[in-house]
Amino acid sequence: MSIEHPPITQMEQRLAGYWGELLGLQEIGRGDHFISLGGNSLLATMLANRIEEDMGIRPTMGELFSTLGEVATLCEQLVREQPEAGR
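Conventions used here
- Residue positions within a chain follow its written sequence, with the count starting from 1.
- Thresholds applied to this predicted model are a pLDDT of at least 70 for local features of residues and 80 or more for the giving and counting of side-chain atom pairs; totals over whole chains, interfaces and linings are not thresholded and use all residues.
- Excluding hydrogens and water, the side-chain figures rest on all heavy atoms present in the structure.
- Helical segments are the DSSP runs of H or I of at least four residues, strand segments are the runs of E of at least two, and each set is numbered from the N terminus.
- Given a helix with a known number of residues, its expected span is that number minus one, times 1.5 Å.
- Categorising residues by exposure relies on relative accessible area from a 1.4 Å probe, with only protein chains included: less than 20% of the type maximum marks a residue as buried, more than 50% marks it as exposed, and the intermediate range marks it as partly exposed.
- By definition in these notes, contact holds between two residues if any of their heavy atoms fall within 4.5 Å.
- Inter-axis angles, ranging from 0 to 180 degrees, are taken between N-to-C directions of lines fitted to C-alpha atoms, where helices are fitted over the stretch in contact.
- Take the far helix as your reference; a near helix turned counterclockwise from it by less than a right angle gives a left-handed crossing, and one turned clockwise gives a right-handed crossing.
- Think of it as three bins: nonpolar holds Ala, Val, Leu, Ile, Met, Phe, Trp, Tyr, Cys and Pro, charged holds Asp, Glu, Lys and Arg, and polar takes everything else, Gly as well.
- Should an angle fall under 35 degrees it is called roughly parallel, over 145 degrees roughly antiparallel, and 65 to 115 degrees roughly perpendicular, with every other angle called oblique.
- A pair of Phe, Tyr and Trp rings is counted when the ring centres sit within 6.5 Å of each other, with Trp represented by its six-membered ring. The angle between the planes then sorts it: under 30 degrees is stacked, over 60 is edge-to-face, the rest tilted.

Some details on helix H1 (residues 10-23)
So, point 1. With 14 residues, H1 extends 20 Å between its outermost C-alpha atoms, agreeing within 8% with the 20 Å of an ideal straight helix rising 1.5 Å per residue.
So, point 2. Inspection of H1 places Met11, Glu12, Leu15, Ala16, Tyr18, Trp19, Gly20 and Leu23 among the buried residues, and these make up the whole buried set.
So, point 3. Among the structural elements, helix H2 (41-55) and helix H4 (68-81) are those in contact with the buried residues of H1.
So, point 4. Glycine 24 occupies a position one or two residues after H1 and carries a positive phi of about 70 degrees.

A short note on the packing of H1 against H4
So, point 1. Look at H1 against H4: their axes get within 9 Å of each other, and the N-to-C directions meet at 120 degrees. Pair H1 / H4 crosses with right-handed handedness. Each of Met11, Glu12, Leu15, Ala16 and Trp19 in H1 lies in contact with H4, whose residues at this interface are Leu68, Gly69, Val71, Ala72, Cys75, Glu76 and Val79.
So, point 2. Here the residues of the contact of H1 with H4 sort into nine nonpolar, one polar and two charged.

Digging into the packing of H1 against H2
So, point 1. The interhelical angle for the contact between H1 and H2, taken along N-to-C directions, is 140 degrees, at an axis separation of 10 Å. The angle between H1 and H2 falls in the class oblique. The two elements H1 and H2 cross, and the hand of that crossing is right-handed. Between H1 and H2, the residues in contact are Met11, Arg14, Leu15, Tyr18, Trp19, Glu21, Leu22 and Leu23 and Leu43, Met46, Leu47, Arg50, Ile51, Asp54 and Met55, respectively.

So, the packing of aromatic side chains
So, point 1. Summed over the entire model, instances satisfying the criterion amount to two aromatic pairs.
So, point 2. Seen in terms of ring centroids, phenylalanine 34 and phenylalanine 65 are 6.4 Å apart; in terms of plane orientation they differ by 25 degrees. Their pairing is stacked. With a gap of 31 residues between them, phenylalanine 34 in the loop between H1 and H2 and phenylalanine 65 in the loop between helix H3 (61-64) and H4 connect regions that are remote in the sequence.
So, point 3. According to the relative accessible area criterion, phenylalanine 34 is buried, its value standing at 0%.
So, point 4. Here phenylalanine 65 falls in the partly exposed class, since its relative accessible area comes to 28%.
So, point 5. Members of the aromatic cluster, connected to one another through ring pairs, are Trp19, Phe34 and Phe65.

Focus: the side chain of serine 66
So, point 1. As for its position among the elements, serine 66 is in the loop between H3 and H4.
So, point 2. Accessibility expressed as a relative area gives 13% for serine 66, which makes it buried.
So, point 3. When neighbours within four sequence positions are excluded, serine 66 is seen to be in contact with Trp19, Asp32, His33, Phe34 and Val71.

Focus: the environment of threonine 9
So, point 1. Checked against the element boundaries, threonine 9 lands in the segment before H1.
So, point 2. With a relative accessible area of 29%, threonine 9 lands in the partly exposed category.
So, point 3. Linking threonine 9 and alanine 72, residues 63 residues apart in sequence, is a C-alpha distance of 8.4 Å.

What follows is the structure, given as structure tokens:
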């Protein structure tokens, strides 16, 4: 099976890896929604912790309940706003 809109940016690819690990999936597309793929509040908390550990930014739970592309755009913005954050 091939995904229709694969991750393009480095951030999308990085987040797709996190999502895949947490959700037990091999392929995540840009338009895939965290909840629709089986995500829940516990997994979103784990995702937020992973993002914070690896990138030094902390999206809110509500912000993570979105598509991969939208979450990647948000994370890119948060990283830009905090240039001292780990990348």
